[in-house]
Amino acid sequence: MKRAAIWLLAWGLWLGLLTALQAAFAPKAIQFAIPGVASAACITSGLALWAADRNRERDERSRLITDSSSATGTLMVGVALALLGSGFGLWLILIGAGMGALGLGGIVREQRARGRTLRERDTR
Amino acid sequence: MPNTEHAYEHVWGIFLPIAIVVFAIVIGTLIVLLVAGARRSRPDRRSEALPLEIAYAFVLACIAAFLVWVTFGAETPIDRLVARPSVRIKVIAAQWSWRFIYSNGVQVPDIDTWHPAPAYVPTGTEIEFSGTSEDVIHGFFVAELHYQRQVLPGYTTHFDLIFERGGLYTGECSVLCGEDHSEMHFALEAVSPARFREWLARKGARAREGSSAGAVDSTGRSG
Amino acid sequence: MSTVAIPSRAPALRTLASTDHKRIAGSACVIALVFFLAGGLLALLMRSQLAADGGVVTQQTYNELFTMHGSTMVYLVIVPVALAAGLYFVPLQVGAAEIAGPRVALAGLWLYVLGGVCMWSGFFTSGGAASASWWGFDPLSESIHSPGSGMDLWIFGVMLATLGQILWAACILATALRRRAPGMTLMRMPMFTWTMLATCTMTVFGFPALILALGLLWAQRHLGGVLTGGAGAVDYQALFWFYGHPVVYVMFFPFVGMVGEIIATFSARRFFGYSAFIVALLIFSGLSMTVWAHHMFTFGVLSNKYFALTSTALVVPAGIEYFDFLATIWQGQLRFTTAFLFALGFLVQFLIGGLTGIILASPPLDYGLNMSYFVVAHFHYTIFAGSAFGLFGGIYYWFPKITGAMLRERLGKLNFWLMVVGANLTFFPMFFLGAEGMVRRVARYPASSGWQGLNIVASVGSFVIAVSVLVFIANIVISLRRRRPAGDDPWGAHTLEWATSSPPPRHNFVALPPIRSYAPLLDLREAAEQHAANHPSITAAGVSA
């Protein structure tokens, strides 16, 4: 588990190497920029994962997840409507934002229920 | 010499046979394995052969290097622009037809048709085309020369071509450009350099006689 | 292992609100099937137009047809199914109880469906659906040349669907990297999980370029001044193709993984050359992020030779992968099930696509073949005759696990052979059409070209494909109605998903077998055989996983 980050680091470095190779071919700036950003993002993610896993003990307790989340669907519909609204009018953005707020509220509820259940489990 | 036909045929003559041979080897091996290489019971348990795979990867890399060498060798002359081309032709693409403008101002008109009036070009000469578009991306594609270039709006694309043989070369627009994309054909008539100069002079004179310099020959027929 | 926090309150919402990765993936596959049929119908209309050389639809409509056919097949069918397969099977294959980030995965499903609906709603607008090809390249896709909301709906639809795909990929990546069962090191992950790891890495780091490109396009359409002139056209396509090449590998690697599992199972051998394959996968997936401007050779603006080099170099990892497939079959104990046949079909047909891809990787050849039917043939061989065959193999292989019922083998074989005939009849003639100069995206062609004959052959082939799809659907319907129970492991397979019931319970496993290699169930079986061989007086009762 601690060495999982090696995949991301290897991949990001390989992409970075191939990007740098373009220097021998009179490249335009955009040829460096796009894969360079992707390579940097991958390496950064790898480093972050390495740091996160370094001190992580294997968590033997069970994880708690929400079994059913209609709030997620609501939030996504809100996102989609707000996006569409940018093309079709403020009224649609507002409807989307409203649904998004409902969805976010639902997710907050789910998280609090999860927190309650975790506390109950831990006090037992 | 920017001979795109030679470049294509040379590379094709190497790549296609290699592709066919590779396909035959892989499929032949597969058939042998399926038919003769199978076991009734107790399948083989080996699952690694790293030295063999490394050697094989090296062989593949050599093949790839060879293919790249062939490609680079054929590509350099056709990508290059000749320093002083003897003929320059401007190509202007617009939805949905082509216009050719010669250095003396002669224009071959844009007519939206599947039998366009041909623009004349001299054989055996390096011709520099400068292509641009008035609206969207179009593709200047001459199938017989095995060559195309995308022409962009607000940008001039330069490319050199040579027409070895005389005759009519049909052209199409190869990049989707809207509703009448399939209609956007053009034609290039390759004639001897002497006939070309004669045609150019004649069309130039006729244009000067017309109402304005560089006027379009409205019938679309060559002079 | 996990416990439930909130019990489901509205049973009807189960599928739409469930955070069970298996349900999410299953819903995605059903929806993808609907989009596949819709996209296929568009293809049949296109093929009718080309066989008749005009007269079936107008040119503008034809432009909408191929735009929506390509967009549907890429954004709404193959990519979602490829990721959904990972969503379903990666947690199972690594011995996890859940996907990492279940609500994120659910969000991805919603975004996919919303994106698809948004895109297709373009057909109901007055201006019709988008018609600037599945690339949506400017300036053709700008408001002056593509007026109307169909294009905007397409842009939003693709954005939503792509965002959903990125979320799915992140979940699968996190699961493979952080939720493996004890004993499952990276180098004990199964083939399919490794291919999903490569796929999801490409998705997470390559797909955002598309969202950026589409955002710029939308801004250009409504605000202007963002993508101007030739530079704007180049910038859009540079961003698009940085996505557009990896996406075809996202539509390839998962099916390579499926084919690998299938070949290993039905050769009764563990997959050959595992470590070489993993290295090849790393090289292949990274390299495929650097070949993208081979789609722009004919611009003459970017470094053609670099992209020719990287594109040709792909033969090295691809050749290693093929070696490993063949070596797994070698000296195996073969069972020619429908899944195995589809895997073999993949091997043969993808090779045609791959070799013609190497041809196109050479600019002197690409200058003559780009934008022609040669390219159309190439990518349909890789994506349809290749990846989709791998997908059908995966379906015939995993259907018993997902539903608990076996698919009919005889109908399966009919499905397979019809599809082989259909695919080759449709797409092989296109190589010749392209070499003769027929360009793509044309609603009609000159009668004097002599191209109609081959177009008719191709169109007949497309209807044979349609028949094979009907046979497939019939197989599914019959197999679900008159169920033949599959049991945990009908195939004698190697990986952990077969160590649980069919379908698996909510949290995947009741218990896990010991994990000592990438084929834990095969290990158990071989150990039992060894034990029986060493103790002939004790009868091994067979290993139940």
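All values reported here derive from a predicted model rather than from experimental measurement. Position numbers for residues count from 1 along each chain, tracking the sequence in the order it is written. Here chains are named by letter from A upward and ligands by number from 1 upward, in the order in which they appear as written. At least 70 in pLDDT is required for a residue's local features to be given in this predicted model, at least 80 for side-chain atom pairs to be given and counted, and no such filter applies to totals for whole chains, interfaces and linings, which use all residues. To obtain the side-chain values, all non-hydrogen atoms of the structure were included, while hydrogens and water were left out.

(A) Inspection of the overall build of chain C at higher detail. A tally of helices and strands in chain C yields 18 helices and 1 strand. Against the 2.2 N^0.38 benchmark of 24 Å for 545 residues, chain C shows a C-alpha radius of gyration of 23 Å, consistent with a compact globule. Of all 545 residues assigned to chain C, the portion counted as buried reaches 68%. Within chain C, counting contacts between residues at least 6 apart in sequence, those at least 24 apart form 83% of the total. Surface exposure here means Shrake-Rupley accessible area, sampled with a 1.4 Å probe, where a residue is shielded only by the protein chains that are shown. About 15900 Å² of surface is accessible on chain C, with carbon and sulfur atoms providing 69% of the total. Counting rule applied: Lys, Arg positive; Asp, Glu negative; His and chain ends not counted. In this description, the location of a charge corresponds to atom NZ of lysine, CZ of arginine, CG of aspartate or CD of glutamate. Each charge sign in chain C was given a centre, from 29 positive and 20 negative side chains, and these centres are 10 Å apart. Helix and strand assignments come from DSSP, with helices taken as H or I runs of at least 4 residues and strands as E runs of at least 2, each series counted from the N terminus. As a reference, a globule follows 2.2 Å times the number of residues to the power 0.38, and the radius of gyration itself is taken over C-alpha atoms. When accessible area is computed with a 1.4 Å probe and restricted to protein chains, residues below 20% of their type maximum are described as buried, those above 50% as exposed, and intermediate ones as partly exposed. What makes two residues a contact is simply this: any of their non-hydrogen atoms within 4.5 Å.

(B) Structural view of the overall build of chain A. Across its full length, chain A carries 4 helices and 1 strand. Computed over its C-alpha atoms, the radius of gyration of chain A comes to 22 Å, more than 25% above the 14 Å expected for a compact globule of 124 residues. Across its three principal directions, the C-alpha atoms of chain A cover 60 × 50 × 15 Å. Sorting the 124 residues of chain A into buried and exposed places 38% on the buried side. Across chain A, every contact between residues at least 6 apart in sequence was considered, and the portion connecting residues at least 24 apart equals 63%. When the accessible surface of chain A is split by element, carbon and sulfur atoms take 65% of a total near 6900 Å². Looking at charge distribution, chain A has the averaged site of its 15 positive side-chain charges lying 5 Å from that of its 8 negative ones.

(C) Structural context of the confidence of the model for chain A. Within chain A, residue pLDDT values average 90, and 94% of them lie at 70 or more. pLDDT gives the predictor's per-residue confidence on a scale running from 0 to 100. Within chain A, helix H1 (residues 5-21) of chain A carries the highest mean pLDDT (96), whereas strand E1 (residues 63-65) of chain A carries the lowest (83).

(D) Focus on helix H2 (residues 21-52) of chain C. Residue and element names in this part refer to chain C. Expected helix span is taken as 1.5 Å per residue step, with the number of steps being one fewer than the number of residues. With 32 residues, H2 should cover 46 Å at 1.5 Å per step; its first-to-last C-alpha distance of 46 Å lies within 8% of that length. Two N or O atoms count as a polar contact when they lie within 3.5 Å, although within protein this holds only if one can serve as hydrogen donor and the other as acceptor, and sequence-adjacent residues are included solely when both atoms are side-chain atoms. The opening residue of H2, the one whose side-chain oxygen lies 3.0 Å from the backbone nitrogen of Lys-22, is Asp-20. Of the residues flanking the end of H2, it is Asp-53, one or two places downstream, whose phi is positive at about 50°.

(E) Seen up close, the layout of surface pockets. All names here are of chain C. A 1.4 Å probe that fits into a set of points on a 1 Å grid over the protein atoms alone but cannot get out defines a cavity; an open set with protein on both sides within 12 Å along at least five of seven lines defines a pocket, and lining residues are those with an atom within 4 Å of a point. Grid points are joined across faces, edges and corners, and a volume is the space filled by probe spheres set on the points. Of the pockets and cavities examined, the second largest pocket occupies roughly 890 Å³. In terms of lining residues, the second largest pocket is bounded by 33 residues, among which Ala-25, Gly-26, Cys-29, Val-30 and Ile-402 are the most central. Of all the secondary-structure elements, those providing two or more residues to the lining of the second largest pocket are H2, helix H3 (59-93), helix H15 (373-403) and helix H17 (452-481). Sorting elements by how many residues they give to the lining of the second largest pocket places H2 first, with 10 residues. A breakdown of the residues in the lining of the second largest pocket according to their chemical character gives 25 nonpolar, 5 polar and 3 charged. Polarity classes work like this: nonpolar for Ala, Val, Leu, Ile, Met, Phe, Trp, Tyr, Cys and Pro, charged for Asp, Glu, Lys and Arg, and polar for all others, with Gly in that last group.

(F) Structural detail: the packing of aromatic side chains. All names here are of chain C. What counts as a ring pair is set by centres within 6.5 Å for rings of Phe, Tyr and Trp (its six-membered ring), and what kind of pair is set by the plane angle: stacked under 30 degrees, edge-to-face over 60, tilted for all other angles. Applying the stated criterion across every chain, the model contains 81 aromatic pairs over all chains. Considering the side-chain rings of Tyr-62 and Phe-66, the 5.6 Å spacing of their centres and the 70° angle between planes classify their relative orientation as edge-to-face. Pair noted here: Tyr-62 and Phe-66 are both in helix H3, with a separation of 4 residues, about one helical turn. Note on accessibility: Tyr-62 and Phe-66 belong to one class, buried. Their ring planes at 65° and their centres at 5.1 Å tell us that Trp-292 and Phe-307 sit as a pair that is edge-to-face. With a gap of 15 residues between them, Trp-292 in the loop between helix H10 (274-287) and helix H11 (304-313) and Phe-307 in helix H11 connect regions that are remote in the sequence. For the pair Trp-292 and Phe-307, a shared accessibility class is recorded, and that class is buried.

(G) Fine view of the pattern of salt bridges. All names here are of chain B. In the sections that follow, a salt bridge refers to a side-chain nitrogen of Lys or Arg positioned within 4 Å of a carboxyl oxygen of Asp or Glu. Evaluated as defined, the whole model comprises 23 salt bridges over all chains. Close ionic contact of Arg-39 with Asp-44 constitutes a salt bridge, the shortest N to O distance being 3.3 Å. We classify Arg-39 as partly exposed; its relative accessible area is 31%. Notably, a salt bridge pairs Glu-134 with Arg-99, separated by 2.6 Å at the nearest N-O pair.

(H) View of a positive patch on the surface. Nonpolar side chains (Val, Leu, Ile, Met, Phe, Trp, Tyr) are joined into patches within 5 Å and like charges within 9 Å, using only residues with over 30% relative accessible area and no salt bridge. On the surface, Arg-109, Arg-112, Arg-116 and Arg-119 of chain A cluster together into a positively charged patch. The residue Arg-109 of chain A is located in helix H4 (residues 90-123) in this model.

(I) Local environment of helix H9 (residues 253-267) of chain C. All names here are of chain C. In a regular helix each residue adds 1.5 Å, so 15 residues correspond to 21 Å; H9 covers 21 Å between its end C-alpha atoms and thus fits that length. Burial analysis of H9 places 15 of its 15 residues in the buried class, which makes it a mostly covered element. Positive backbone phi, approximately 55°, marks Ala-268, located one or two places after H9.

(J) Fine view of the sheet that holds strand E1 (residues 87-94) of chain B. Pairing between strands requires that DSSP locate at least two bridges from one strand to the other. Overall, mixed pairing links the 5 strands, which are arranged E3-E2-E1-E5-E8 (chain B) in an open sheet. If you trace the sheet from one side to the other, it starts and ends with strand E3 (107-108) and strand E8 (157-162) of chain B, each paired once.

(K) Local environment of the nonpolar core. Grouped together as the largest cluster of nonpolar side chains are 280 residues, with contacts concentrated most on Phe-100, Tyr-102 and Phe-140 of chain B together with Tyr-75 of chain C. Tallying contributions element by element places H3 of chain C first for this core, with 21 residues. Residues in contact with Tyr-75 of chain C, not counting those within four places in the same chain, are Pro-80, Tyr-112, Met-119, Trp-134, Trp-154, Val-158, Ala-161, Gln-165, Leu-210, Phe-240 and Tyr-243 of chain C. Take the buried residues of types Ala, Val, Leu, Ile, Met, Phe, Trp, Tyr and Cys, join any two whose side-chain atoms come within 4.5 Å, and each joined set is a nonpolar core. The next biggest cluster of nonpolar side chains, apart from the first, holds 8 residues, and it includes Met-76 and Ala-80 of chain A together with Leu-111 and Leu-160 of chain C.

(L) Molecular detail of the sheet that holds strand E10 (residues 186-191) of chain B. Residue and element names in this part refer to chain B. Spatially, E4-E10-E9-E6-E7 is the arrangement adopted by the 5 strands of the open sheet, whose pairing is mixed. The open sheet has two edge strands with one neighbour each: strand E4 (119-122) and strand E7 (147-151). Strand-to-strand, the axes of this sheet are offset by a mean angle of 25°, without reference to chain direction. In the sheet, strand E6 (residues 138-142) pairs with strand E9 (residues 167-173) via 3 bridges, with the strands oriented antiparallel. Bridge pairing links Val-142 to Gly-171 in E9. In the packing of helix H3 (residues 193-209) onto the sheet, the strands contacted are E4 and E10, and the crossing angle to E4 comes to about 140°. Interaxial angles span 0 to 180 degrees and are taken between N-to-C directions of axes, which are lines fitted to C-alpha atoms, for helices over the stretch in contact.

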